[in-house]
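Analysis of the macromolecular model
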Amino acid sequence: MSTILKLFAFPASVVLICYGILTILGGHITPGGGFQGGAIIASGIIFCLIVYGVDDSPIKISKTFIASLESIGALGYIFLGLAGLFTSGFFLYNLGVDLYHVIPPVISTAFNYPDALHAGILPYLNFVVGLEVLVGLSAVVITFLKSDQLIKDMESK
Amino acid sequence: MSNGTRNLVAGLALLIFAATLFQTIYQFKPMIYPGISYLYNWVGPLIAPNMVTNVVFDWRGYDTLGEALILVTAVIVTLLVFGRGKIDLGGE
Amino acid sequence: MVYIGPIILGFLLGFILGTRIQPSPSSKLNFPASIYVVLLIVILLIAYQQGPFPFYTDTPFANGIIAAIVGIILGKLTFGKG
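Attention now moves to the overall build of chain A. For chain A, the helix and strand inventory stands at six helices and zero strands. Each helix (α) and strand (β) of chain A, taken in turn from the N terminus, gives the series α-α-α-α-α-α. Radius of gyration (C-alpha) of chain A: 20 Å, far over the 15 Å computed for a compact globule of 157 residues. With respect to the principal axes defined by its C-alpha atoms, chain A has extents near 60 × 40 × 20 Å. For chain A, the residues scored as buried account for 47% of the 157 residues in total. For chain A, the share of sequence-separated contacts (at least 6 apart) that also reach a separation of at least 24 residues comes to 62%.

Here you go:
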């Protein structure tokens, strides 16, 4: 990889990560949301991985990080749904916007996302899905880049 | 069967199939009833301005849970293919 | 009044990703602190050009990106090495 690429890749990665975070945050107003923003952040991480190589890249993702973020993303979605199941009778009920008026207003204001709109738990759902997607896509690319070493480990066992 | 006869029969089968497909969409407009669309166009602005996110995460939030499950399964299977011998699970 | 929802969520996500910026000890790459000053200026320009989200009336720039870059820099300073 040439010198210009090595000078340019790390700052461009950070700008891509910031833009991906903006796409996740505006999921209920602008086009985008959890899946799309997670893919943009993953593309920033993968850019650094390809230009510098897996061992030398400034943005390092370890196995514990992948496992914990994936678990937090998937379990967070389910716990938000279970919170709706235990307070009202419906799984994944939108607790901030109380469409059927079945829960007391204390819970409804506690789960509402504090911004100019009345969106309920939608931005939190976008956030946990974004966490899960960014880690999933980066894990697949890291596995394919390290495949020679992993196959050698498998055959020596 | 020679090449010419085979082409002729294939062309005839394509014509019949195309006619069947086009007949289903001929005069389709009186058959559509937008039932749930009236309801969600009235309820939607109460929740958020983005109607796509309203349907994907609020009306069909359970399907999005299944979509996230697909992503988790794909990552687990990819890591399992390359990971034999890394963790000692017992046995021989 | 400032809406705290996007600021807190953007800072959290930036902090989580900022802890992962760790240059490896055996490499010849060196990213000094001046890179982050340049990045801060670039992100400020992007935030002013993007404008706020629709229906938001608190600030004339985008809050989310500023919280993200502050989170990345703080995450690198606390948990990243170098």
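So that's the structure; there's more coming.
Time to look at the confidence of the model for chain C. Averaged over all residues, the pLDDT of chain C is 90; the fraction at 70 or higher stands at 99%. At the level of chain-chain contacts, confidence expressed as ipTM amounts to 0.93, with global pTM at 0.87.

Moving on: helix α2 (residues 34-50) of chain C. Counted at 1.5 Å a residue, the expected span for α2(C) with its 17 residues is 24 Å, and the 25 Å between its end C-alpha atoms agrees. Where α2(C) terminates, the next one or two residues include C:Gly51, which has phi positive at roughly 80°.

Attention shifts here to the interface of chain A and chain B. With 29 residues of chain A in contact, the opposing surface of chain B contributes 21 residues. Only α3 (63-87), α5 (122-145) and α6 (147-156) of chain A provide two or more residues apiece to the side of chain A that touches chain B. With nine residues, α5(A) is the single largest residue contributor to the side of chain A that touches chain B. Among the residues making up the side of chain A that touches chain B, the classes are represented as 16 nonpolar, nine polar and four charged.

In this section: the nonpolar core. A:Cys18, A:Ile21, A:Leu125, C:Ile65 and C:Ala68 are the most contacted members of the largest nonpolar core, which totals 72 residues. The dominant element in this core, judged by the number of residues it contributes, is α5(A), at 13 residues. With residues up to four places along the chain from it excluded, the contact list for A:Leu125 reads A:Gly34, A:Tyr77, A:Leu80 and B:Phe57.

Taken together, the contact between chain C and chain A spans 32 residues of the former and 26 residues of the latter. Counting residues per element, the ones that place at least two in the side of chain C that touches chain A are α1 (4-18), α2 and α3 (63-79) of chain C. Of the residues forming the side of chain C that touches chain A, the biggest block, eight residues, is contributed by α1(C). Partitioned by chemical class, the residues of the side of chain C that touches chain A number 23 nonpolar, eight polar and one charged.

Right, let's get into the packing of α2(C) against α3(C). A pair of packed helices is characterised by two quantities: the angle between their axes and the separation of those axes. Residues and elements named next belong to chain C. Where α2 contacts α3, the two axes come as close as 9 Å, and the packing angle between them is 165°. The angle between the axes of α2 and α3 places the two elements in the roughly antiparallel class. Along this stretch, α2 crosses α3, giving a crossing that reads as right-handed. Every residue of α3 that contacts α2 at Tyr36, Leu39, Leu40, Ile43, Ile46 and Ala47 is listed here: Ile65, Ile66, Ile69 and Ile73. Residue composition of the contact of α2 with α3, by class: 10 nonpolar, no polar and no charged.

The next point concerns the environment of A:Ser13. Residues and elements named next belong to chain A. As for its position among the elements, Ser13 is in helix α1 (residues 3-25). The exposure class assigned to Ser13 is buried, which follows from the 24 C-beta atoms found within 10 Å. Distance from Ser13 to Leu69, taken between C-alpha atoms, is 20 Å for residues 56 residues apart in sequence. Once you skip the residues sitting within four places of it in the chain, Ser13 turns out to touch Gly44, Ile45, Phe47, Cys48 and Ile59.

Quick notes on the rules
Each chain carries its own residue numbering, running from 1 in the written order of its sequence. Note on labels: chains are lettered from A, ligands numbered from 1, in written order. Local features in a predicted model are, by the rule used here, given only for residues with pLDDT of at least 70; side-chain atom pairs are given and counted only at 80 or more, and totals for whole chains, interfaces and linings are based on all residues. Put simply, DSSP H or I for four residues or longer makes a helix, DSSP E for two residues or longer makes a strand, and each gets a number counted from the N terminus. The reference for a compact globule is 2.2 Å times residues^0.38; the radius of gyration itself is calculated from the C-alpha atoms. Here exposure depends only on C-beta density: within 10 Å of a residue's C-beta, 20 or more other C-beta atoms make it buried, 12 or fewer make it exposed, and intermediate numbers make it partly exposed, the C-beta atoms being placed from the backbone. Residue pairs are scored as contacts if the distance between their C-beta atoms, which are placed from the backbone, is within 7 Å. Each residue gets a pLDDT score, which is the predictor's confidence in that residue and runs from 0 to 100. In this scheme, a helix's expected span is set at 1.5 Å multiplied by one less than its residue total. Note that Gly is not counted as nonpolar here; it falls among the polar residues with everything else outside the nonpolar set of Ala, Val, Leu, Ile, Met, Phe, Trp, Tyr, Cys and Pro and the charged set of Asp, Glu, Lys and Arg. Here, a nonpolar core denotes buried Ala, Val, Leu, Ile, Met, Phe, Trp, Tyr and Cys residues that are linked to one another through C-beta atoms within 7 Å. Here the axes come from fitting lines to C-alpha atoms, over the contacting stretch only for helices, and the angles between their N-to-C directions go from 0 to 180 degrees. In what follows, roughly perpendicular refers to angles from 65 to 115 degrees, roughly parallel to angles under 35, roughly antiparallel to angles over 145, and oblique to any angle outside these ranges. By the definition used in this description, the sense in which the near helix is turned from the far one sets the handedness, with an anticlockwise turn below a right angle giving left-handed and a clockwise turn giving right-handed.

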